Amino acid sequence: MTRAKVESATKDDVVILGSSRAYFDIQVDQWKKLTGKELLQLASTGSSPLPTFHDIVNNTDFDGTIVVGVTPGLFFSTTFPKAFPWERPQAKVDHYFDGTYAQRSNFLLSVPLQQNLVLMSADEEEWADDLDLKSLLRNVHWGKRIPPPAQPPFYNFGDVSIPRNISMMPKTVTDTAFANSIIKVWHFFGKGSPAPDKDGTTSFFMKDVEKFKKKGGNLILIRPPSSGGVRMGEKMGLPRERFWDSLVNLAQVKSYHFEDYDQFKNLTCPEESHLSIENANYYTEELIKILKKDNALTIQKPN
Amino acid sequence: MLFNSLSFILFLIIVLALYYSKIFNWTNKKRMLLLSSYIFYGMWNPPLVILLWISTMIDWTAGKRLAIEENQKKRKMWLILSMLVNLGFLGFFKYGDFLLENFVIIMNAIGIDFQAKPMDIILPMGISFYTFQTMSYTIDMYKRKTERARTFLDFALYVTFFPQLVAGPIVRAKDLITQFYEEKKATTNQFIWGLFLLTIGLFQKVVMADTLLAGTSDDVFGSTKLLHGVDAWVGTIAFSGQIFFDFAGYSTCAIGIALMLGIILPDNFKYPYASLGFSDLWRRWHISLSSWLRDYLYIPLGGNRHGITRMYVALMVTMLLGGLWHGAAWTFMVWGGLHGTYLILERLQRRYLPFEITKWNGMLLAFITFSCVNITWVFFRANSFEKAWNMVKSMFYMQTGGEKILDTFTIIKVTTVIAIMFLCHWFMRNTSMKEVSLKTSPYVLGVVWAIMTFLIIIAQGSGEQFIYFQF
């Protein structure tokens, strides 16, 4: 639904791409309240933004603003089509083009159900606390025939709504044990991730950056906050100088790293990687102020 | 459109409301059903409805000419035209890439350096089903075994009737077209039974196939490792159950939906996993296809009229082509070949080692048949010979040190489901669901219905496509 809106989006429209941080930390309602314009949120959990950016640059005439959220561990991960951070967003792009009318009507019919009923299965993440029959059975482990799963249980910590938006569940802020269970998962992913492919990803991205600039598009890079052990791991494995700064130098577009702003550098992520709903609203508000002050956005709130 | 989708629920409600409203006469109700069937098909890929139209037009015209033409040569020409168009569609859309791929292999094998880009042709959903259905009409017309459809509307609806359009049952003209001549209306009991069958079909698909079995089968057949024998067997029996529940589920839905409209479709499955031998299996599994292959392939190839050797050849050719009907890959041919071999061996056994089947040895025989069928499913499900052969080696412990990938709970879950399925087939093999329901208290049936509905809801299927749509 949101991707379809990009087809008819104007110069004044803003599209957000990125991984879960751009998805959690930029709140669409807050954005609309402060700018008067609907935000097209296309960031996606566990995903590299490269396939989606490639799709918009190459398959649409969009020449407005694209804000790309950079989560270093995913942005610089890979360009290998079968790798998880690539395959997941690419599947969404493919679905946009290949989805049947039946699938589209199923989605439209599911909207009122999604808004009025509690869903027992969340989504592609296969959360450990899903209540659908398949998930309940998947989570039963008897005996020691095979080693237990290496990944700690991954519980759902975000509420998804329509138009596309995700906000952190309050439980993640108030229940430290729950937040710690999510942190364990980030640490597991961090330790198990293959080495980043900085050259491959940067080169792929830069080709699309040049194309987008030629079309007159306005690209903005943001680096949303992380904290605690996740931040520490990123500093060690994906140091700012080698990754973010290098990308910004090459792209030559407006860019905003949370560490460079007093408003952001002390924000704490309850599970070390995403902001609570309150802080996400604050981040969205302050980011808009910064972008406006910097004339990075073409839109202004109508009187 | 999938039966297990929200769109279909809305679609069916609208169709039933229009069908039972008083605004249409019977002809207009049939027009409405025809239009609904095109919408049902077009919701997947609208341009491919054109293939249905072409197939309908060609066979309607051929049927019309065959009804009045007396010149045998001309009659044959009309039959050939129909076969060329239908088999041509099937050949191009289903086997185009396969034929090209094998042509390249042959060229390279004889030293000619030839490369071809795959054509990447879309496989129109259900093409194997509706082409076989419409061809049966023309062949029967040619053999003067059926009457010409009275109107084009009746014929078009026969080709396109949405409950069985994409995955059967493959219905013969005399069994379906004639039902369109008089106004049809389900009785209250038929309507309720149809709804019950639709629930059972969805339960088989969403709960049994997709939720309980598909994951294990996908894990085992998707694994690149050499597997432990237990894992290979459990993955295989999981697929065995999955494909039965998936396909029988579709047929049960189709029969139920048609019955809600007052139209009766034939059974397509009769508890096949309790078959006593392979002839019995093919009288119980995908009955509408096996009877099609018998009538339009095996018998024209000579059947059992020209001696034993010719009969075995006819049997094997029929089963090989039956295998190929399921998919454009050599693994499907091997699947068909194994079934052909089983049928030949069974006939040899009957000839040279006959024995009486009693209630004591029957269950053992059914179990042996089921086990042999499971071996064939390995070739059906594996995406390469290498994978299939590795699975067979694991299943028969021809390799040691295979890796364990399934946990204890999964093994217990799958074996329990399959054991219950096998026992249900055994105890139901000489009866039918309808007969059992008549002897069962309505309260018990209501509770069973409620449990199935509850399980369908909590399974929350993600709209998995029926396996047989690809065939």
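These numbers come from a predicted model, not from an experiment.

Moving on, we get to the overall build of chain A. From N to C terminus, chain A includes 15 helices and 7 strands. The C-alpha radius of gyration computed for chain A amounts to 19 Å, which stays within 12% of the reference 19 Å derived for 303 residues, consistent with globular compactness. The principal-axis extent of the C-alpha atoms belonging to chain A is close to 60 × 45 × 35 Å. Pairs at least 24 residues apart make up 79% of the contacts formed inside chain A by residues separated by at least 6 positions.

On a plain count of helices and strands, chain B comes out with 18 helices and 0 strands. Principal-axis analysis of the C-alpha atoms gives chain B an extent of 65 × 65 × 50 Å. Here chain B holds 471 residues, and the buried ones make up 44% of them. Looking at chain B alone, contacts between residues at least 24 apart form 75% of all its contacts between residues at least 6 apart.

What follows covers the packing of helix 10 (residues 176-192) of chain A against helix 12 (residues 228-237) of chain A. When two helices pack together, their arrangement is given by the angle between the helix axes and the distance between those axes. Residues and elements named next belong to chain A. It is at 9 Å that the axes of helix 10 and helix 12 come closest, and there the two elements cross at 15°. With respect to each other, helix 10 and helix 12 are oriented roughly parallel. Of the two possible hands of crossing, helix 10 and helix 12 adopt the one that is left-handed. Within the contact between the two elements, helix 10 uses I183, W186, H187 and G190 and helix 12 uses G229, V230 and G233.

To continue, consider helix 5 (residues 127-142) of chain B. All names here are of chain B. The end-to-end C-alpha separation of helix 5 is 22 Å, in line with the 22 Å expected for 16 residues at 1.5 Å each. The element helix 5 is extensively covered by neighbouring structure, given that 15 of its 16 residues are classed as buried. Directly after helix 5, the chain includes R144, whose backbone phi takes a positive value near 55°.

Let us look at the interface of chain B and chain A. Contact with chain B, which involves 21 residues of that partner, is made by 19 residues of chain A. Looking at the side of chain B that touches chain A residue by residue, the classes come out as 11 nonpolar, 7 polar and 3 charged.

Attention now moves to unusual backbone geometry. Backbone torsion omega between I162 of chain A and P163 of chain A reads 0°, so that peptide bond is classified as cis. With respect to the helices and strands, the residue P163 of chain A is situated in the loop between strand 4 (158-161) and strand 5 (165-168). Phi at Y271 of chain B takes a positive value of approximately 50°, unusual for a residue other than glycine. Within the element layout of this structure, Y271 of chain B appears in the loop between helix 9 (229-260) and helix 10 (278-282). Take Y271 of chain B: there are 23 C-beta atoms within 10 Å of it, and that puts it in the buried class. One non-glycine residue with positive phi stands out, namely H286 of chain B, at about 45°. With respect to the helices and strands, the residue H286 of chain B is situated in the loop between helix 10 and helix 11 (287-298).

M1, Y158 and A258 of chain B are the most contacted members of the largest nonpolar core, which has 131 residues in total. Each of two domains, domain 1 (6-184) and domain 2 (189-276 + 357-465) of chain B, supplies a minimum of three residues to this core. Other than its neighbours up to four places away in sequence, Y158 of chain B contacts A149, A173, L176 and I177 of chain B. With 57 residues, the next largest nonpolar core counts L17, Y23, F212 and L297 of chain A among its residues.

Residue and element names in this part refer to chain A. Where strand 4 meets strand 5, 4 bridges bridge the pair, whose relative direction is antiparallel. Bridge pairing links D159 to S167 in strand 5. Linking strand 4 back to strand 5 in an antiparallel pair, the connection comprises 3 residues.

This next bit is on the domain arrangement of chain B. Residue and element names in this part refer to chain B. What the domain assignment reports for chain B is domain 1 (6-184) and domain 2 (189-276 + 357-465). Across the boundary between the two partners, domain 1 contributes 12 residues, which contact 13 residues of domain 2. When residues in the side of domain 1 that touches domain 2 are grouped by element, the largest group, 3 residues, is from helix 1 (residues 6-20). When grouped by side-chain class, the residues that make up the side of domain 1 that touches domain 2 number 7 nonpolar, 3 polar and 2 charged.

All names here are of chain A. Spatial strand order, 2-1-3-6-7: 5 strands in an open sheet with parallel pairing. Only two strands of the sheet have a single partner each, and these edge strands are strand 2 (39-41) and strand 7 (254-257). The sheet shows a mean angle of 20° between the axes of neighbouring strands, taken without regard to direction. Where helix 13 (residues 241-251) meets the sheet, its contacts fall on strand 6 (218-223) and strand 7, and the angle it forms with strand 6 comes to roughly 170°.

Next up on the list: the packing of helix 8 (residues 188-222) of chain B against helix 9 of chain B. Residue and element names in this part refer to chain B. It is at 7 Å that the axes of helix 8 and helix 9 come closest, and there the two elements cross at 160°. If you check the angle between helix 8 and helix 9, you find them roughly antiparallel. Relative to helix 9, the crossing made by helix 8 is left-handed. Class assignment for the residues of the contact of helix 8 with helix 9 results in 25 nonpolar, 12 polar and 4 charged.

Let us now look at the confidence of the model for chain B. Here chain B averages 92 in pLDDT, and 98% of its residues register 70 or above. Among the prediction metrics, the complex's ipTM stands at 0.81, with pTM recorded as 0.88.

For the rest of this paragraph, the subject is helix 13 (residues 330-352) of chain B. Residue and element names in this part refer to chain B. A rise of 1.5 Å per residue sets the reference length of helix 13, with its 23 residues, at 33 Å; its end C-alpha atoms lie 32 Å apart and thus fit the reference within 8%. Along helix 13, the positions that sit buried rather than exposed are T331, F332, M333, W335, G336, L338, H339, G340, Y342 and L343. In this fold, the buried residues of helix 13 make contact with helix 10, helix 12 (308-326), helix 14 (359-381) and helix 15 (385-395).

Looking now at the environment of L455 of chain B. Within the secondary structure layout, L455 of chain B lies in helix 18 (residues 442-459). The spatial distance from the C-alpha of L455 of chain B to the C-alpha of F203 of chain B is 7.5 Å, given a sequence separation of 252 residues. L455 of chain B has contacts with L133 of chain A together with F203 and V207 of chain B, leaving out every residue within four places of it along the chain.

Criteria and cut-off values
- Residues numbered from 1 in each chain as written.
- Chains lettered and ligands numbered in written order.
- Predicted model: local features only at pLDDT ≥ 70, side-chain atom pairs only at ≥ 80, totals over all residues.
- Helix = DSSP H or I, 4+ residues; strand = E, 2+ residues; numbered from the N terminus.
- Rg over C-alpha atoms; globule rule 2.2 N^0.38 Å.
- Contact = placed C-beta atoms within 7 Å.
- Buried ≥ 20, exposed ≤ 12 C-beta atoms within 10 Å, placed from the backbone.
- Axes fitted to C-alpha atoms, helices over the stretch in contact; angles between N-to-C directions.
- Parallel < 35°, antiparallel > 145°, perpendicular 65-115°, else oblique.
- Left-handed = near helix turned anticlockwise from the far one by under 90°.
- Expected span 1.5 Å × (residues − 1).
- Nonpolar A, V, L, I, M, F, W, Y, C, P; charged D, E, K, R; others polar.
- Core = buried A, V, L, I, M, F, W, Y, C linked by C-beta atoms within 7 Å.
- Domains from an automatic or database assignment.
- Pairing = 2+ DSSP bridges.
- pLDDT = per-residue confidence, 0-100.

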